[in-house]
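Report on the structure
One letter stands for each residue in the lines below.
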Amino acid sequence: MPRIFTLCTLLAVALLAFAQDDVLHAPKTVSAGKSLSISTSGQSSATFYLLGPSHVVKRSVQLGQDITIAANDVATSGTYQAIACSSSCSSTVFQVLPASPARLSFLLHPSRVPVSNGNAINATAFVFDRYRNTVLSPAKVDFHITLPDGPTMTRTGQTTRGITWFEMGSTPKQGRLQVVAAIADANEPRVIQQVASDACHLHMTASPSGRIVKLETDPIRDCAGNALPDGTIVSFTKIDNAGRSTVDTPIKKDKASAQFQLSGNARISVACGVALGNELSVGGRQ
Amino acid sequence: MKPLLLWTALFVFAFMLLARESEPASVSAASLPKVVLHAESIAPRAIEQRTGEMVTRNYAQAWLDLANCVEANRTDLLNDLFTGEAKTRLTRLVADQRKSGLRTHYEDHGHDVKAVFYSPDGGEMQLEDSAQLEMQVFDGQKMIYSSTSPRKYLVLMTPGADRWYVRSLESVGNDAF
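Everything in this summary refers to the structure shown in the same document.

What counts and how
Residues numbered from 1 in each chain as written. Chains lettered and ligands numbered in written order. Predicted model: local features only at pLDDT ≥ 70, side-chain atom pairs only at ≥ 80, totals over all residues. Heavy atoms only, no water. Pairing = 2+ DSSP bridges. Helix = DSSP H or I, 4+ residues; strand = E, 2+ residues; numbered from the N terminus. Expected span 1.5 Å × (residues − 1). Contact = heavy atoms within 4.5 Å. Buried area = accessible area lost by both parts, 1.4 Å probe. Salt bridge = Lys/Arg side-chain N within 4 Å of Asp/Glu carboxyl O. Disulfide = S-S within 2.5 Å. Buried < 20%, exposed > 50% of the residue type's maximum accessible area, 1.4 Å probe, protein only.

Attention now goes to the sheet that holds strand β3 (residues 36–40) of chain A. Residues and elements named next belong to chain A. The antiparallel open sheet is built from three strands, whose spatial order is β1-β3-β6. The open sheet has two edge strands with one neighbour each: β1 (24–25) and β6 (67–69). Sheet topology places β3 next to β6; three bridges connect them, and they run antiparallel. Looking at the pairing, Ile38 lines up with Ile67 of β6.

Right under this line is the structure:
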């Protein structure tokens, strides 16, 4: 007899639990930022909880009436638990999906890049909805690329799990390279500076005057003809009877210049970064 | 017979001493949730071994901090490994929980994490996390919700000076990946 009683009690509890799981009826999925209605069954008053990934709602409700969830209560995408507690608690789970693409986070690296450098530029775009949820469904992002010499080209990337990326080489001409990532109404412009590469055909001339020799380079350019920026250091090195002497001097108006006092015959070389220029032999008075 | 007993006793004593010395490290390691990182299909950049180890350790610590944060409703626990939107959202969640008198208890049984994206410049890494979590929500002393269902998270981590930060931690549906 006690066994039958226990069995009946367990059955009753199971039935009750089953019945209570049916107290709340929510849609399986809802779009982020859209209000929804959760229907309820029962008659008593209850405490209602909405547990989301970044937000919690707690309020009193009357079972049997629909519970309206405001749009801003489901702005974050993810798994939500709706719970109603009276004498016991029952719950239902639903998924809030990201809304349509509306925001971009765009990273363009590096901020300065030498010209004519293969795959030196990389761009990564993250696509979000207006509530900063990552848009998981594939979306197309347009990248409008404006080159330093004017022309604009567009390439399109499709997102995977909210991310798209590409690599490109820098172009031969120095200057501003702008990339605008665009999706829906969102535009994110980024600019990087293409700078001259290493010096090419570095050449200097000497003007001796007694024990003094004045040195000046020709305009210093890279192999594509871009002038190296002012301030780039050029090194002049002299070796004569007095030993070895080096002068580091910045480029001013495309050229670099230096002056040495000579002690006998001298060999003078010039270098800029990894580029070596010509070497001169200059005879000075003993 | 006597020397044998003596050696056995010495061996047992030495073993107990060693076991005791190594105890704190194992306790500390055991308190972190288990995270297994798979990086075979990561693109476009391969992940360096040291980076993988760092990401794994930091992500495990982040989950421990998260669990402690939502249990105690303390946002200061988020300062070490959360940043950006992840930190903003958890801070808001804790504020709401505190206001409503709720707390959440996580029993963390581990994370199977797949690294899927590592940007060419090494500035962002995206992870897919299949987590085995038991979740219990309390209103005061009363448990109002309990779940043992596996959960999935899409994670974005970014490197800092000496660690990887969780920048985004989004729960996604079971069919997301």
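A few words on helix α3 (residues 49–72) of chain B. Over its 24 residues, α3(B) extends 35 Å from the first C-alpha to the last, a length consistent with the 34 Å expected when each residue adds 1.5 Å. Directly after α3(B), the chain includes Asn73(B), whose backbone phi takes a positive value near 55°.

Before going further, it helps to examine the interface of chain B and chain A. On the side of chain A, 35 residues touch chain B, which itself brings 31 residues to the contact. Interface area, chain B with chain A, both sides summed: about 2,700 Å², of which 57% is carbon and sulfur. When the area that chain B buries against chain A is broken down by residue, the three leading residues are Arg89(B), Ile144(B) and Tyr145(B), summing to 19%. At the boundary of chain B and chain A, one finds two salt bridges.

All names here are of chain A. According to the stated counting rule, one finds two disulfides over all chains in the structure shown. Here Cys85 engages in a disulfide with Cys89; their sulfurs sit 2.0 Å apart. Measuring the twist about the S-S bond at about 110°, one finds the Cys85-Cys89 disulfide to be right-handed. By relative accessible area, which is 4% here, Cys85 ends up buried. The side chain of Cys200 participates in a disulfide bridge whose partner is Cys223; the two sulfur atoms lie 2.0 Å from each other. Disulfide Cys200 to Cys223: torsion about the S-S bond roughly 80°, handedness right-handed. Highlighted residues: Cys200 in strand β17 (residues 199–200) and Cys223 in the loop between β20 (221–222) and β21 (233–240), separated in sequence by 23 residues. The exposed category is assigned to Cys223, whose relative accessible area is 64%. When the bonded cysteines of chain A are counted from the start of the sequence, the pairing works out to 1-2, 3-4. Between Cys272, a cysteine without a disulfide, and Cys200, which holds the nearest cysteine sulfur, the sulfur-to-sulfur distance is 11 Å. Judged by its relative accessible area of 4%, Cys272 is buried.

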